[in-house]
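# Chain and residue survey
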Amino acid sequence: MPKLTYAVALSVAVSSPVMAAEFQWAGKTDPQTMDPHAVSSAPVLGFLNNVYDGLVRMSKDMEVEPSLAESWEPIGAGEGWRFTLRQGVTFHDGATFDADDVLFSYERASDESSDVRSWFSPVTEVKVVDDYTVEFYTNAPNPLFPASIANWMMMDRGWAEANNATRPDKESGNFATLNVNGTGAFKLEDRQPGLSTTLVPNESWWDNAEHNITKATFTPIQNPATAVAALLSGDVDFVEPVPIQDAARLEADPNINVIRGIETRTIMLGFAHEADTLKYGASAGQPNPFQDVRVREAVAKAINVDAILRTIWRGSAEPASQLVTPALSGFSEVNAARPAFDIEGAKALLAEAGYADGFGFGLKCPNDRYPNDEAVCQAITAMLAQVGIQVELDAMPVSNYWPELRADNFDMYLLGWSPGGSLDHEHPLRFLASTPNEEKRLGSWNFGGYSNARLDEALPSILSEIDPDKRQALIDEVTGIYQDEVAYVPLYVQPLVWGTRSNIQLTQRPDNFFMLRWVTVN
Amino acid sequence: MLAFIIRRIGQSILVLLIVGLVAFSMFRFVGDPIDNMLGQERTIEDVERLRTQLGLDQPFPVQYYRFLEGAAQGNFGVSYRQGRPVSEILLERAPATLELAAVSGMLAIVFGIALGVFTAIRRNGATANIIMATSLIGVSLPTFLIGILLIYLFSVELGWLPSFGRGETVQIGESWTTGFLTISGLKALILPSITLGLYQMTLIMRLVRSEMLEVLRQDYIRFARARGLTDRVVNFRHALKNTMVPVVTVIGLQLGAIIAFAIITETVFQWPGVGLLFINAIQFVDIPVMAAYLMLISVMFVGINLIVDILYVFIDPRLRVDRTGAH
Amino acid sequence: MAETSIPLSTKEHDKGRWQRFRESDFFYAFKRSPVAIVSFAVVALLVLAAVFAPLIAPTNPFDPASLNLMNGFTPPMEPNAFTQESFLMGTDDQGRDVFSTILYGMRISLFVGISAVLFAMVLGIVLGLVSGYFGGWTETIIMRIADVQLTFPSILVAMLIFGVAKGFTPVEYRDQMAIWVLILAIGLSDWVQFARVVRGATLVEKSKDYVAAARLIGRSPWAIMIRHILPNAMSPVLVIATISLALAIIAEATLSFLGVGAPPTQPSLGTLIRIGQGFLFSGEWWILFFPACTLLGLALSVNLLGDWLRDALNPRLR
């Protein structure tokens, strides 16, 4: 029997208002695995949210809402959280979902071989109370715990054991790498890694289906121009992301809608705070000027973020003042202003710090990690040159980039941060602003080694404070600290630009997760 | 004779080993796969543990030896990115590349020979000169640009042909998928195969032309004409036939080049073949896939070289092993 | 013209080199071929424009301090909405004048192309002469290396060399490294053709009497190779060199598409095209169009010249 492995998008005009339809979409990155605990990356977790469910999930406007747990409540005075599970939920293979599967998914996701186990680092114990009640005990009060496990997906113990997939296996893969047995709105019909992945609706899903899709096929298309061409020519119904420069052209096309939003990722510059000397450029080997806060401030003032947003981002990104975006919890309203563009001020600060004649240094930049990363670094190079700082730009693919940063091979670098997990300000505070400390698992992405004693001291209280006002006051305080010390120069918040054929209706969630269950094909 | 062949095979194996060694020595400069395999919340311990598990903490000669050991048993390891055996992935992707290469090769040969003969016979004609000059446009622009321009024109502006992918494919037997049996599969082949075959077409056309011109001057062709044979018979039965030996050699060698250059065409058209797989592997630092791909390509090239060499000796033992063409 | 009517002189040696050249068959054929004249003129014009870029270009796109991002995406010959500046061929995403960037970029492309071909030519000639003249094990080794070279397609060779060089170059030299690595990579993937042609010619000439005579009077092998054998191989070498130049310029562009090319702060024509192709659908056609036309003009003219050269230097085809 010939087997059709690809289908072409149907664009048939049918009169019935809600007609069932096939749907084709394309993204830049293929989810590298179907195992929800093996890789903690946005393409994987975003995709798998269509086939697996968690205890809780994020609504269209990023609020935590019940999913496989109907309700949850704190235990005692913040000892942990008790989840009451939804009854009558079945996995795609028909098995019933119950508390034992939650326990199993916990064991699996918190195992050493799991890439998402950091979500469970506050958890001390998981107790199954009865078939539909589970308790999670934490080492300190943890108000954010339910939100932080929104992407923790439930797997069936029986299925995993029968298929030898009780633990994720990143190195050599196992049954769960290519197969799915979730409770989600869609079932995996066909999976060809790197080529296409086909989903069909789960007829026995526990929730009401909003979509009208009968079959959905995902194809990764790396070359952005090809993806845009595919959307223009109608070969696909939906493309993400749309290169920002093509948004206007797509908007002008009556057959295409462009959906713009603000992502959760903040783009910033980081400094080599700890290095005694510069490593690159004209002043290599000389004392590191970035140890002087005035120089860091001068850099912040010399960069014309508005110009970057107007030209490179064509007006669709927002300037950033801190490590998180206004849409996320813990955003510090009192610190919402960013340093104004001020060439003279920057020059004055440099002169004050003893660098009236400028200096030369090296800027590291990825060229395939964030949209327009290289172009932004180039623009920064030109802007700093105007205050007399000569930048030697070294742009490289991301697979070379992280090793360079880990090896401290930079004077200044570009970084983007999206607070996965909790979607709260505490996340970048932990990873970017804390003094690096391997044992406490803090500051693991603080490559420059920024360190402030008060910030380190306040962090544990921020993590465990239940009273939202007190918590926000602490966050406001530390935000002021890292802003005053110019630990980083936050530049802008990356925009989300999606493109669809105009007969498609869908919802864009700020974490850039594409949910098939919100798609309607008209 | 036998000694020659054995010696030549021995040399080929040595070449393969060296290619592998060179490839392995550069993998560590491509980047570090670990970062792509772990999420942003990984710890330093996680990084070190995974590195040890993958054997990446070993010096590269050791890694190379392990690779050879596996490869000798037909085991190319497991892809870091996909978590599946590399051999399985390569087998899955090979049909797409081979079909694309076959169609491009056919286009290049058919049009190359036809236009080459035409431009040789009408040496000074206006049409022939125009063909000669325009054929150079195809080799005066980078392949990726030609591909993008074709997509722009035929997919976006005219909407005639698909902009990416293979279209519908049909499974034949266990491991072959073909795009030849569906309309959309055939349509999807057109733009990529033109993009890929253009360079080889120009090359073959120019080679056929110059060989034809050479042969047409020979005495026996003049005698043939003098005998009153028609132009058609002279041109095709005698002249073309005698140009075929060098042409066939070059075609053989270009087959490998087509598969190598498919990397770019496949990237532009999102063609799901081994070339795209290789580019993805570089981005992800998927060392097992990169190693297997390079070895595969080397085996193919060295194999073609070997066969051509041996054929030469069979055809004419006096011939020294000396060929031209290919780069 | 008067000169052409003078029959080829019997007193060649009395005349200056230039005059001999002007009276040669070669020059005669050149004058008779409009294609050759036009393509030569285009190449000459582009090379001169590249050499004198600092004098011709209105701005220096390689000087970051002179750029104004607000000039970005200005269409050709239209004033920018914010700065009111206007540019002959518009500006790119960084606010660089496309015309100036092309001139400077062409310098890099030509420098890389010519250097790569020279490198390949010298390497190929030496190895070809040696393997053809000495034969034996030397020849086997060199020709096997040539096989290895052919085994790896040129783009892969370049990617490998780029990767390795990146690892070995001290960090402070990485910026300039890209150009030299490109030259090395393109040159290394190109020498085999030269070697094969020269080796073939050497094999033929070696058996001739005059070589044997030169040997007898005690000429050193190198003198024989360079004085006697090499001149006989120079015609095909020149043809290959011309075609290779076009190929090298294109190869540089292709490599930059794969991310292995000149840095975006000092873009070559290829890098410009890579950047420009991202704006093909968005309406900023000039960022791609002008660099692509320049590259096409350059490569096409060089190719046409090479083509003509092949015919002109092959007396049997005349």
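Whatever comes next refers back to the structure up there.
Heads up: these notes are all about the structure in this document. (Residues numbered from 1 in each chain as written. Chains lettered and ligands numbered in written order. Predicted model: local features only at pLDDT ≥ 70, side-chain atom pairs only at ≥ 80, totals over all residues.)

## Some thoughts on the overall build of chain A
In terms of helices and strands, chain A carries 15 helices and 19 strands. For 522 residues, the compact-globule estimate of 2.2 N^0.38 gives 24 Å, and chain A sits close to it at 24 Å. Referenced to the eigenvectors of the C-alpha coordinate spread, the extents of chain A come out at roughly 75 × 55 × 40 Å. Within the span of chain A, comprising 522 residues, buried residues form 56% of the whole. (Helix = DSSP H or I, 4+ residues; strand = E, 2+ residues; numbered from the N terminus. Rg over C-alpha atoms; globule rule 2.2 N^0.38 Å. Buried ≥ 20, exposed ≤ 12 C-beta atoms within 10 Å, placed from the backbone.)

## Looking at the nonpolar core
The nonpolar side chains of soluble globular proteins are, as a tendency, buried together. In this structure, Ile308(A), Tyr492(A), Ile204(B), Met290(B), Tyr293(B), Ala158(C) and Phe194(C) are the most contacted members of the largest nonpolar core, which totals 340 residues. It is helix H12 (residues 221-257) of chain C that provides the largest number of residues to this core, a total of 19 residues. Both domains that meet at this core, namely domain 1 (10-240 + 503-521) and domain 2 (263-495) of chain A, each give it at least three residues. Among residues more than four places away in sequence, those in contact with Ile204(B) are Ala108(B), Ile109(B), Gly112(B), Ile113(B), Gly116(B), Val247(B), Val250(B) and Ile251(B). (Core = buried A, V, L, I, M, F, W, Y, C linked by C-beta atoms within 7 Å. Domains from an automatic or database assignment. Contact = placed C-beta atoms within 7 Å.)

## Quick word on the sheet that holds strand E6 (residues 123-130) of chain A
Residues and elements named next belong to chain A. With antiparallel pairing, four strands are arranged side by side in an open sheet as E4-E5-E7-E6. The strands lining the two open edges of the sheet, one partner per strand, are strand E4 (69-75) and E6. In this sheet, adjacent strand axes meet at a mean angle of 20 degrees when their direction is disregarded. Taken together, the five bridges between strand E5 (residues 80-85) and strand E7 (residues 133-138) define a ladder with antiparallel strand orientation. Counterpart to Gly80 in the pairing with E7 is Tyr137. On top of the sheet, helix H2 (residues 99-109) reaches E5, E6 and E7; it is set at about 165 degrees to E6, its chief contact. (Pairing = 2+ DSSP bridges. Axes fitted to C-alpha atoms, helices over the stretch in contact; angles between N-to-C directions.)

## Section: the interface of chain A and chain B
Taken together, the contact between chain A and chain B spans 44 residues of the former and 46 residues of the latter. Put simply, the parts of the chain that give the side of chain A that touches chain B at least two residues each are helix H6 (224-232) and helix H12 (398-406) of chain A. A total of five residues in the side of chain A that touches chain B trace back to one element, the largest contributor, which is H6(A). For the side of chain A that touches chain B, a count of residues per class yields 16 nonpolar, 20 polar and eight charged. (Nonpolar A, V, L, I, M, F, W, Y, C, P; charged D, E, K, R; others polar.)

## As for H12(C)
Residues and elements named next belong to chain C. The first and last C-alpha atoms of H12 sit only 45 Å apart over 37 residues, clearly below the 54 Å expected at 1.5 Å per residue. Of all the bends in H12, the largest measures some 55 degrees and sits at Leu230, one to four residues before the proline Pro231. Backbone geometry just after H12 places Gly259 at a positive phi near 85 degrees. (Expected span 1.5 Å × (residues − 1). Bend = angle between axes of the 7 residues up to and from the residue.)

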